[in-house]
Amino acid sequence: MSAAPEIAFGPIPSRRLGASLGVNNIPPKHCTYNCIYCQVGRSSRLDITRRKFYEPEAVYESVRRRLELLSSRGERVDYVTFVPDGEPTLDASLGREIDMIKSLGVRVAVITNSSLMWDESVRSDLSGADYVSFKVDAVSERIWRFVDRPSHALSLQRVLSGIVEFSEGFRGHLASETMLVSGVDYGDEADRIAAFLSGVRGLRQAYVALPTRPPAEPWAGPPDRGVVIYFLTKFREVLGDRALPLDFPERGSFGHTGDARLDILSAARVHPLGEGAVAQILRDDGAGYEVLRGMQESGELSVVEYGGTKFYVSRPRRGSRTRARRPRLRDRWALGGRGPRRPAEHAREIIICKPWQLACVTLYARDVMERRILFIEPGASCEELVDLMARNGRGFAVVRNAAGENVGIVTEWDIVSRLLAKKLDPARTKVEEIMTRGIVSIDAGEELSDVAELMSKKGIRRVLVTDKGSVVGVITCHTILASLKSYVDSISKDLAKYGLLPF
Ligand code: SF4
């Protein structure tokens, strides 16, 4: 049996940190954000609750073993960096893990999206690190929601206040990162972000970054060069030499353990690897290209093309498929939204999302599901069931037992075929006698196209939607048709607004 990728991986040559031994302390992909440019793909769930994902001892052991191996080969590590498959501060054991790893005599860095810095426990955990990089992609609500797609439980003002508060007490190396993407009307955002960063105490560098690896949304590429220069100029005016572009090449070499498959998988989990990087790992581990081919054939590794370069990622990336994407309902307010007047040289990009990008976002189950569901006990009579359905105008009910488990579903068709056709007495027949056992469900974060595919494969007209195991809604054929109609109507309106032909 092949070994699972380790929590510690690399070292990866980092643009800021030199030889950086990565720590993947979050399983894929728990994040507070769902950034359009995320190189890890779309977030499977947006969460702001901190919890323990791994035992701190397991994280420590993984790092210790890796450092020991690298040291025996005379390989240097500049930083041990928490840079996981999601947001590292979601890990409630982060502070303890940092302390344990620092006891090994290494410097520790954390790359955070800063969304939880308002939480005192997060600030306390981060204060143990030697280097903290925090993200500020926007200080305007509109751009923040469009680019970072945060959890609805977050507030931008709270996030920004948390950063400032953290900077007041942090004694280590503090740097910020602002990612710029195409298709956004930044208006005067460069001035506003620079003004905000000028109030962050002890900020050593304010990096301006561009997506250089395959993004979660295929349309979220780097912006025009003019936008980058404009940001750097504005940052320089306020922050001086601390404003820097983050586009210099990565330096150093990738770490290797002698097991090329494991090294490639561990690194590619959080960091799409270019062809050069993969070739280097194979060379260092003394392995041939048959290892790479085997990983591709088994589905462990897939290839994504971005900017004319091939990248290897360690699993099918959510959101990396190339077919056209549709607008997600909750993002629609942002599409076509206008920002403050921008400088004349950028005036041609006045819309936040270009018309042809309207067909590039996705509808999810949670966006379209109906939330009203009827529940009935298995021991209730069919007479009670019919009464319940008639009073509520619904064609089905979920059968839930006293322990709160959903044990089946009962529909109009069950009533016709298993009750009326058999001439059973509704008052004497229990719901459990006619219900369909087992429930077909789908996670609220699944795409609507996947819901439709499941329904067609199973030949069913409705599917329950679950979130963390609880039933939260239902999608029926009617729901899908209705949402498609409203989708087509709104797209037509947008196209008309931009003077384009719909077909
Ligand atoms: S880029 Fe970072 S913050 Fe944004 S979704 Fe990906 S892991 Fe989360």
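Remember, predicted model here, so these are calculated numbers, not experimental data. (Residues numbered from 1 in each chain as written. Predicted model: local features only at pLDDT ≥ 70, side-chain atom pairs only at ≥ 80, totals over all residues. Heavy atoms only, no water.)

A. Region of the structure containing the overall build of the chain. Helix and strand counts for the chain stand at 16 helices and 20 strands. Residue pairs in contact within the chain that sit at least 24 positions apart in sequence constitute 73% of those at least 6 positions apart. Of the roughly 22000 Å² of accessible surface on the chain, a fraction of 53% belongs to carbon and sulfur atoms. (Helix = DSSP H or I, 4+ residues; strand = E, 2+ residues; numbered from the N terminus. Contact = heavy atoms within 4.5 Å. Areas by Shrake-Rupley, 256 points an atom, 1.4 Å probe, with all protein chains shown as cover.)

B. Up close: the site of the ligand. Around the ligand, the surrounding shell consists of K29, C31, Y33, N34, C35, Y37, C38, G86, N113 and K135. Of the residues assigned to the shell around the ligand, the class counts are 5 nonpolar, 3 polar and 2 charged. (Near = heavy atom within 4 Å. Nonpolar A, V, L, I, M, F, W, Y, C, P; charged D, E, K, R; others polar.)

C. Up close: the sheet that holds strand β10 (residues 243-245). The mixed open sheet is built from 8 strands, whose spatial order is β1-β2-β5-β6-β7-β8-β9-β10. Since the sheet does not close on itself, it has two edges, and those belong to β1 (8-14) and β10, each with one partner. This sheet shows a mean twist of 25° between the axes of neighbouring strands, independent of strand direction. Packed on one face of the sheet, helix α2 (residues 94-102) meets β5 (79-82) and β6 (108-112) and runs near 170° to β5. (Pairing = 2+ DSSP bridges. Axes fitted to C-alpha atoms, helices over the stretch in contact; angles between N-to-C directions.)

D. The arrangement of the side chain of T411 in detail. By secondary structure assignment, the location of T411 is in strand β16 (residues 406-411). Looking at T411, the relative accessible area reads 11%, which means it is buried. When near neighbours in sequence (up to four residues on either side) are disregarded, T411 contacts M389, G395, F396 and R462. (Buried < 20%, exposed > 50% of the residue type's maximum accessible area, 1.4 Å probe, protein only.)

E. View of the nonpolar core. Ranked by size, the top nonpolar core spans 82 residues in total, and within it V80, F134, I163, L197 and F235 carry the most contacts. With 7 residues, helix α7 (residues 225-239) is the single largest residue contributor to this core. Setting aside residues up to four positions removed in sequence, V80 forms contacts with L21, V23, V63, L67, I101, V106, R107, V108 and A109. (Core = buried A, V, L, I, M, F, W, Y, C linked by side-chain atoms within 4.5 Å.)

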